[in-house]
Amino acid sequence: MDADVKEKYIKAGKIASHVRDAAVKKAKPGVKLLELAEFIENETRKLGGEPAFPANLSLNEIAAHYTPYKNDPTAIPENSILKIDIGVHVDGYVADTARTVAFSAALQKLSDASRFALEEAIKIVKPGARVAEISRKIEETIKSCGYRPVSNLTGHGLDRYFLHASPQIPNVAVTGDVRLKDGQAIAIEPFATDGRGFVRESSPVLIYMLTGRKPVRNMDARKSMEFADKFGGLPFAERWLPFDSVFKSRLSLRELKEKGILYEYPPLKETGMVSQHEHTLIVGDEPLVTTL
Ligand code: MN
Ligand code: MN
(Lines give C-alpha, C1' and ligand atoms only; values in the text may rest on other atoms or scores of the structure.)
(Ligands and ions follow the chains in the order given, each with its own letter.)
Protein backbone atom coordinates (compact mmCIF):
# COMPACT_ATOMS: atom_id res chain seq x y z
CA MET A 1 0.00 0.00 0.00
CA ASP A 2 1.12 3.51 -0.91
CA ALA A 3 2.57 5.35 2.15
CA ASP A 4 0.34 8.36 1.51
CA VAL A 5 -2.78 6.18 1.38
CA LYS A 6 -1.73 4.33 4.53
CA GLU A 7 -1.35 7.67 6.36
CA LYS A 8 -4.93 8.55 5.45
CA TYR A 9 -6.24 5.19 6.68
CA ILE A 10 -4.31 5.71 9.92
CA LYS A 11 -5.63 9.25 10.39
CA ALA A 12 -9.23 8.13 9.74
CA GLY A 13 -8.74 5.27 12.21
CA LYS A 14 -7.42 7.54 14.95
CA ILE A 15 -10.36 9.94 14.60
CA ALA A 16 -12.87 7.07 14.50
CA SER A 17 -11.55 5.35 17.61
CA HIS A 18 -11.40 8.61 19.54
CA VAL A 19 -14.95 9.60 18.60
CA ARG A 20 -16.29 6.05 19.17
CA ASP A 21 -14.84 5.87 22.68
CA ALA A 22 -16.10 9.36 23.56
CA ALA A 23 -19.57 8.34 22.36
CA VAL A 24 -19.45 5.15 24.44
CA LYS A 25 -18.77 7.29 27.55
CA LYS A 26 -21.74 9.55 26.76
CA ALA A 27 -24.17 6.70 26.07
CA LYS A 28 -26.37 6.27 29.16
CA PRO A 29 -30.07 5.49 29.66
CA GLY A 30 -32.04 8.68 29.10
CA VAL A 31 -29.62 10.16 26.55
CA LYS A 32 -31.24 10.91 23.19
CA LEU A 33 -29.90 9.06 20.15
CA LEU A 34 -30.11 12.29 18.15
CA GLU A 35 -27.81 14.06 20.61
CA LEU A 36 -25.33 11.17 20.40
CA ALA A 37 -25.41 11.05 16.58
CA GLU A 38 -24.81 14.78 16.28
CA PHE A 39 -21.97 14.57 18.78
CA ILE A 40 -20.32 11.77 16.75
CA GLU A 41 -20.66 13.52 13.41
CA ASN A 42 -19.59 16.97 14.71
CA GLU A 43 -16.57 15.57 16.60
CA THR A 44 -15.51 13.69 13.45
CA ARG A 45 -15.45 16.92 11.45
CA LYS A 46 -13.77 18.87 14.27
CA LEU A 47 -10.89 16.37 14.25
CA GLY A 48 -10.36 16.69 10.50
CA GLY A 49 -12.37 13.74 9.18
CA GLU A 50 -15.72 13.38 7.46
CA PRO A 51 -18.46 10.88 8.38
CA ALA A 52 -18.14 7.93 5.96
CA PHE A 53 -21.77 7.16 6.81
CA PRO A 54 -24.34 8.47 9.32
CA ALA A 55 -23.74 7.42 12.94
CA ASN A 56 -25.51 4.05 13.28
CA LEU A 57 -27.14 3.86 16.73
CA SER A 58 -29.03 0.60 16.84
CA LEU A 59 -30.96 -0.45 19.95
CA ASN A 60 -31.83 -3.96 21.17
CA GLU A 61 -33.20 -6.15 18.30
CA ILE A 62 -32.05 -3.66 15.67
CA ALA A 63 -28.67 -4.99 14.54
CA ALA A 64 -27.68 -2.13 12.23
CA HIS A 65 -28.67 0.84 10.06
CA TYR A 66 -30.72 2.90 12.50
CA THR A 67 -29.81 6.55 12.58
CA PRO A 68 -32.04 9.21 14.18
CA TYR A 69 -34.37 11.33 12.06
CA LYS A 70 -34.92 15.09 12.54
CA ASN A 71 -36.29 15.78 16.05
CA ASP A 72 -36.18 12.03 16.81
CA PRO A 73 -37.27 11.81 20.48
CA THR A 74 -35.86 8.29 21.02
CA ALA A 75 -33.80 8.06 24.20
CA ILE A 76 -31.69 5.11 25.34
CA PRO A 77 -33.96 2.93 27.52
CA GLU A 78 -32.95 1.26 30.81
CA ASN A 79 -31.81 -2.36 30.45
CA SER A 80 -31.07 -1.92 26.77
CA ILE A 81 -28.18 -2.73 24.46
CA LEU A 82 -26.85 -0.14 22.00
CA LYS A 83 -24.57 -0.67 19.00
CA ILE A 84 -22.51 2.43 18.16
CA ASP A 85 -21.17 1.93 14.63
CA ILE A 86 -19.32 4.85 13.10
CA GLY A 87 -17.45 5.56 9.88
CA VAL A 88 -14.82 8.22 9.27
CA HIS A 89 -13.08 8.97 5.99
CA VAL A 90 -10.06 11.05 5.09
CA ASP A 91 -9.97 11.71 1.35
CA GLY A 92 -12.21 8.66 0.83
CA TYR A 93 -10.12 6.24 2.92
CA VAL A 94 -12.43 4.76 5.52
CA ALA A 95 -12.27 3.66 9.13
CA ASP A 96 -15.33 1.58 10.08
CA THR A 97 -15.65 0.64 13.76
CA ALA A 98 -18.28 -0.35 16.30
CA ARG A 99 -18.69 -0.99 19.99
CA THR A 100 -21.67 -2.18 21.98
CA VAL A 101 -22.81 -0.63 25.24
CA ALA A 102 -24.95 -2.87 27.46
CA PHE A 103 -27.11 -1.64 30.32
CA SER A 104 -27.63 -4.91 32.21
CA ALA A 105 -25.35 -7.74 33.35
CA ALA A 106 -27.01 -10.29 31.05
CA LEU A 107 -26.68 -8.01 28.04
CA GLN A 108 -23.05 -7.33 28.96
CA LYS A 109 -22.38 -11.06 28.40
CA LEU A 110 -23.95 -10.79 24.97
CA SER A 111 -21.79 -7.75 24.23
CA ASP A 112 -18.66 -9.62 25.34
CA ALA A 113 -19.42 -12.49 22.94
CA SER A 114 -18.99 -10.29 19.85
CA ARG A 115 -15.96 -8.57 21.40
CA PHE A 116 -14.21 -11.90 22.06
CA ALA A 117 -15.06 -13.06 18.54
CA LEU A 118 -13.50 -9.92 17.07
CA GLU A 119 -10.36 -10.33 19.20
CA GLU A 120 -9.99 -13.98 18.17
CA ALA A 121 -10.60 -13.18 14.49
CA ILE A 122 -7.94 -10.45 14.46
CA LYS A 123 -5.34 -12.95 15.71
CA ILE A 124 -5.73 -14.93 12.46
CA VAL A 125 -5.32 -11.96 10.07
CA LYS A 126 -2.20 -12.11 7.89
CA PRO A 127 -1.44 -12.19 4.16
CA GLY A 128 -2.71 -15.50 2.74
CA ALA A 129 -5.03 -16.26 5.69
CA ARG A 130 -8.26 -17.94 4.58
CA VAL A 131 -11.43 -15.88 5.09
CA ALA A 132 -13.20 -19.18 5.87
CA GLU A 133 -10.86 -19.64 8.83
CA ILE A 134 -11.78 -16.20 10.23
CA SER A 135 -15.49 -16.91 9.76
CA ARG A 136 -15.20 -20.27 11.48
CA LYS A 137 -13.39 -18.67 14.43
CA ILE A 138 -16.08 -16.00 14.80
CA GLU A 139 -18.89 -18.58 14.79
CA GLU A 140 -17.06 -20.86 17.20
CA THR A 141 -16.26 -18.05 19.68
CA ILE A 142 -19.80 -16.68 19.74
CA LYS A 143 -21.29 -20.16 20.18
CA SER A 144 -18.83 -20.94 22.98
CA CYS A 145 -20.33 -17.93 24.81
CA GLY A 146 -23.83 -19.41 24.42
CA TYR A 147 -25.12 -17.19 21.59
CA ARG A 148 -25.63 -17.30 17.81
CA PRO A 149 -23.72 -15.34 15.19
CA VAL A 150 -25.92 -13.33 12.80
CA SER A 151 -25.45 -15.29 9.58
CA ASN A 152 -26.54 -12.67 7.05
CA LEU A 153 -24.35 -9.79 8.26
CA THR A 154 -20.70 -9.80 7.23
CA GLY A 155 -17.43 -7.98 7.47
CA HIS A 156 -16.00 -6.64 4.23
CA GLY A 157 -13.14 -5.12 2.32
CA LEU A 158 -12.80 -1.34 2.07
CA ASP A 159 -11.82 0.75 -0.91
CA ARG A 160 -11.62 4.47 -1.58
CA TYR A 161 -15.17 5.91 -1.26
CA PHE A 162 -16.42 2.32 -1.25
CA LEU A 163 -17.71 0.69 1.94
CA HIS A 164 -18.50 -2.87 1.00
CA ALA A 165 -15.67 -4.04 -1.23
CA SER A 166 -14.63 -7.68 -1.54
CA PRO A 167 -13.94 -9.91 0.24
CA GLN A 168 -17.06 -10.57 2.30
CA ILE A 169 -16.09 -11.83 5.74
CA PRO A 170 -19.05 -13.88 7.02
CA ASN A 171 -19.76 -14.43 10.70
CA VAL A 172 -20.53 -18.12 10.18
CA ALA A 173 -18.36 -20.89 8.77
CA VAL A 174 -18.29 -20.87 4.96
CA THR A 175 -16.58 -22.88 2.28
CA GLY A 176 -14.29 -21.39 -0.34
CA ASP A 177 -10.67 -20.46 -0.69
CA VAL A 178 -10.73 -16.64 -0.60
CA ARG A 179 -7.54 -15.39 1.04
CA LEU A 180 -6.49 -12.08 2.53
CA LYS A 181 -3.94 -10.05 0.58
CA ASP A 182 -1.04 -8.00 1.86
CA GLY A 183 -2.01 -4.31 2.11
CA GLN A 184 -5.76 -4.97 1.85
CA ALA A 185 -8.05 -2.82 4.06
CA ILE A 186 -10.77 -4.89 5.73
CA ALA A 187 -13.44 -4.51 8.41
CA ILE A 188 -14.28 -7.46 10.66
CA GLU A 189 -17.61 -7.18 12.48
CA PRO A 190 -19.01 -10.11 14.45
CA PHE A 191 -22.67 -9.82 15.51
CA ALA A 192 -23.91 -12.01 18.38
CA THR A 193 -27.56 -12.60 19.28
CA ASP A 194 -29.84 -14.56 21.58
CA GLY A 195 -32.35 -14.63 18.69
CA ARG A 196 -32.53 -16.77 15.55
CA GLY A 197 -29.22 -15.57 14.02
CA PHE A 198 -30.77 -13.90 10.99
CA VAL A 199 -31.83 -10.29 10.37
CA ARG A 200 -34.69 -9.03 8.26
CA GLU A 201 -35.26 -5.60 6.74
CA SER A 202 -37.38 -3.27 8.84
CA SER A 203 -38.61 0.33 8.57
CA PRO A 204 -38.45 3.32 8.37
CA VAL A 205 -35.46 3.71 6.06
CA LEU A 206 -33.24 6.53 7.38
CA ILE A 207 -29.97 5.89 5.52
CA TYR A 208 -29.56 6.17 1.75
CA MET A 209 -26.92 6.25 -0.96
CA LEU A 210 -27.08 8.01 -4.32
CA THR A 211 -26.13 5.59 -7.11
CA GLY A 212 -26.25 7.95 -10.08
CA ARG A 213 -27.69 11.17 -11.50
CA LYS A 214 -30.69 11.74 -13.73
CA PRO A 215 -32.59 14.81 -14.93
CA VAL A 216 -35.04 15.63 -12.11
CA ARG A 217 -37.75 18.26 -12.57
CA ASN A 218 -39.12 18.41 -9.06
CA MET A 219 -37.19 21.16 -7.26
CA ASP A 220 -36.95 19.46 -3.87
CA ALA A 221 -35.88 16.17 -5.42
CA ARG A 222 -33.23 18.00 -7.43
CA LYS A 223 -32.03 19.73 -4.27
CA SER A 224 -31.74 16.33 -2.54
CA MET A 225 -29.88 14.83 -5.50
CA GLU A 226 -27.36 17.69 -5.57
CA PHE A 227 -26.92 17.38 -1.80
CA ALA A 228 -26.49 13.58 -1.86
CA ASP A 229 -24.04 13.79 -4.77
CA LYS A 230 -21.52 15.52 -2.51
CA PHE A 231 -20.89 12.30 -0.59
CA GLY A 232 -19.05 10.67 -3.48
CA GLY A 233 -21.02 7.43 -3.35
CA LEU A 234 -20.99 7.09 0.45
CA PRO A 235 -24.26 6.80 2.43
CA PHE A 236 -26.07 9.79 3.93
CA ALA A 237 -28.86 10.34 6.47
CA GLU A 238 -32.34 11.61 5.73
CA ARG A 239 -31.68 13.88 8.72
CA TRP A 240 -28.83 15.61 6.86
CA LEU A 241 -31.02 16.79 3.97
CA PRO A 242 -31.43 20.59 3.66
CA PHE A 243 -35.16 20.69 4.54
CA ASP A 244 -36.79 21.63 7.84
CA SER A 245 -39.62 19.20 7.25
CA VAL A 246 -39.24 15.41 7.44
CA PHE A 247 -42.23 15.20 5.08
CA LYS A 248 -40.42 17.22 2.37
CA SER A 249 -37.26 15.18 2.85
CA ARG A 250 -39.14 11.91 2.43
CA LEU A 251 -41.08 13.10 -0.63
CA SER A 252 -37.89 14.21 -2.35
CA LEU A 253 -36.22 10.88 -1.59
CA ARG A 254 -39.24 8.98 -2.89
CA GLU A 255 -38.85 10.78 -6.20
CA LEU A 256 -35.15 9.82 -6.43
CA LYS A 257 -36.06 6.24 -5.54
CA GLU A 258 -38.58 6.17 -8.37
CA LYS A 259 -35.90 7.44 -10.76
CA GLY A 260 -33.81 4.42 -9.77
CA ILE A 261 -30.87 6.44 -8.44
CA LEU A 262 -31.26 5.84 -4.72
CA TYR A 263 -30.13 2.83 -2.70
CA GLU A 264 -31.83 2.23 0.66
CA TYR A 265 -30.34 0.85 3.86
CA PRO A 266 -33.35 -0.28 5.92
CA PRO A 267 -32.84 -1.01 9.64
CA LEU A 268 -31.93 -4.71 10.05
CA LYS A 269 -33.85 -6.48 12.77
CA GLU A 270 -33.32 -9.71 14.73
CA THR A 271 -35.81 -11.64 16.84
CA GLY A 272 -33.49 -11.33 19.86
CA MET A 273 -31.04 -8.84 21.35
CA VAL A 274 -27.91 -8.12 19.30
CA SER A 275 -24.34 -7.04 20.01
CA GLN A 276 -21.62 -6.02 17.54
CA HIS A 277 -17.94 -5.11 17.65
CA GLU A 278 -15.95 -3.95 14.65
CA HIS A 279 -12.45 -2.88 13.72
CA THR A 280 -10.78 -1.81 10.48
CA LEU A 281 -7.42 -3.42 9.69
CA ILE A 282 -4.74 -3.26 7.06
CA VAL A 283 -3.56 -6.77 6.31
CA GLY A 284 0.16 -7.33 6.80
CA ASP A 285 2.60 -9.65 8.53
CA GLU A 286 1.97 -7.34 11.49
CA PRO A 287 -1.72 -6.48 10.87
CA LEU A 288 -2.43 -2.83 11.56
CA VAL A 289 -5.70 -2.26 13.43
CA THR A 290 -6.41 1.36 12.50
CA THR A 291 -9.34 1.75 14.92
CA LEU A 292 -7.83 0.30 18.13
MN1 MN B 1 -19.57 -0.50 10.72
MN1 MN C 1 -18.59 -2.49 8.39
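Residues numbered from 1 in each chain as written. Chains lettered and ligands numbered in written order. Predicted model: local features only at pLDDT ≥ 70, side-chain atom pairs only at ≥ 80, totals over all residues. Heavy atoms only, no water.

Caption draft 1: Inspection of the domain arrangement of the protein at higher detail. Here the protein is described as being made up of domain 1 (3–202 + 272–289) and domain 2 (207–264). The straight-line distance from the C-alpha centre of domain 1 to that of domain 2 is 26 Å. Roughly 1,300 Å² of surface becomes buried between domain 1 and domain 2 when both sides are summed, with 64% attributable to carbon and sulfur atoms. Together, P54, K70 and Y161 form the three largest contributors to the area buried by domain 1 at its contact with domain 2, with a combined 47%. If you look at where domain 1 meets domain 2, you find one salt bridge. Across the pair E41 and R239 runs a salt bridge whose closest N-O atoms are separated by 2.8 Å. Our count for the contact surface shared by domain 1 and domain 2 stands at six residue pairs in polar contact (both at pLDDT 80 or more). Of all the secondary-structure elements, those providing two or more residues to the side of domain 1 that touches domain 2 are α2 (33–46), β1 (50–59) and β7 (162–170). Counting residues per element, the side of domain 1 that touches domain 2 draws most heavily on β1, which supplies five residues. (Domains from an automatic or database assignment. Buried area = accessible area lost by both parts, 1.4 Å probe. Salt bridge = Lys/Arg side-chain N within 4 Å of Asp/Glu carboxyl O. Polar contact = N/O pair within 3.5 Å; in protein donor to acceptor, adjacent residues only side chain to side chain. Helix = DSSP H or I, 4+ residues; strand = E, 2+ residues; numbered from the N terminus.)

Caption draft 2: Here's a closer look at the pattern of salt bridges. Throughout the structure, instances matching the rule amount to 22 salt bridges. One salt bridge connects R179 with D177, and the closest N-O pair in it is separated by 3.1 Å. Within this structure, D4, K8, D91 and R160 form a network of salt bridges that share partners.

Caption draft 3: Layout of the coordination of the manganese ion (ligand 1). Those donors, D85 (OD), D85 (OD), D96 (OD) and E278 (OE), are the protein atoms that reach the manganese ion (ligand 1), and they lie 2.1 to 2.4 Å from it. The sequence pattern describing where the donors of the manganese ion (ligand 1) fall on their chain is D-x10-D-x181-E. In this model, the manganese ion (ligand 1) sits 3.2 Å from the manganese ion (ligand 2), the two metals being bridged by D96. On the criterion of sequence distance, the pair formed by D85 in strand β3 (residues 81–90) and D96 in strand β4 (residues 93–102) is long-range, its members being eleven residues apart. A residue is classified by how much of its surface remains accessible, and D85, at 8% relative accessible area, is buried. (Donors = N, O, S within 2.8 Å, 3.2 Å for Na, K, Ca; no water. Buried < 20%, exposed > 50% of the residue type's maximum accessible area, 1.4 Å probe, protein only.)

Caption draft 4: Broad picture of the sheet that holds strand β10 (residues 200–201). Pairing is antiparallel across the open sheet formed by three strands, whose spatial order is β2-β14-β10. On the outer flanks of this sheet lie β2 (62–64) and β10, each paired with one strand and no other. (Pairing = 2+ DSSP bridges.)

Caption draft 5: Looking closely at the sheet that holds strand β5 (residues 148–149). One open sheet accounts for three strands, arranged β5-β9-β15; its pairing is antiparallel. Of all strands in the sheet, those with a lone pairing partner are β5 and β15 (274–276), marking the two edges. As paired elements, β5 and strand β9 (residues 191–193) share two bridges and run antiparallel to each other. Each residue of the ladder has a partner; that of R148, found in β9, is T193.

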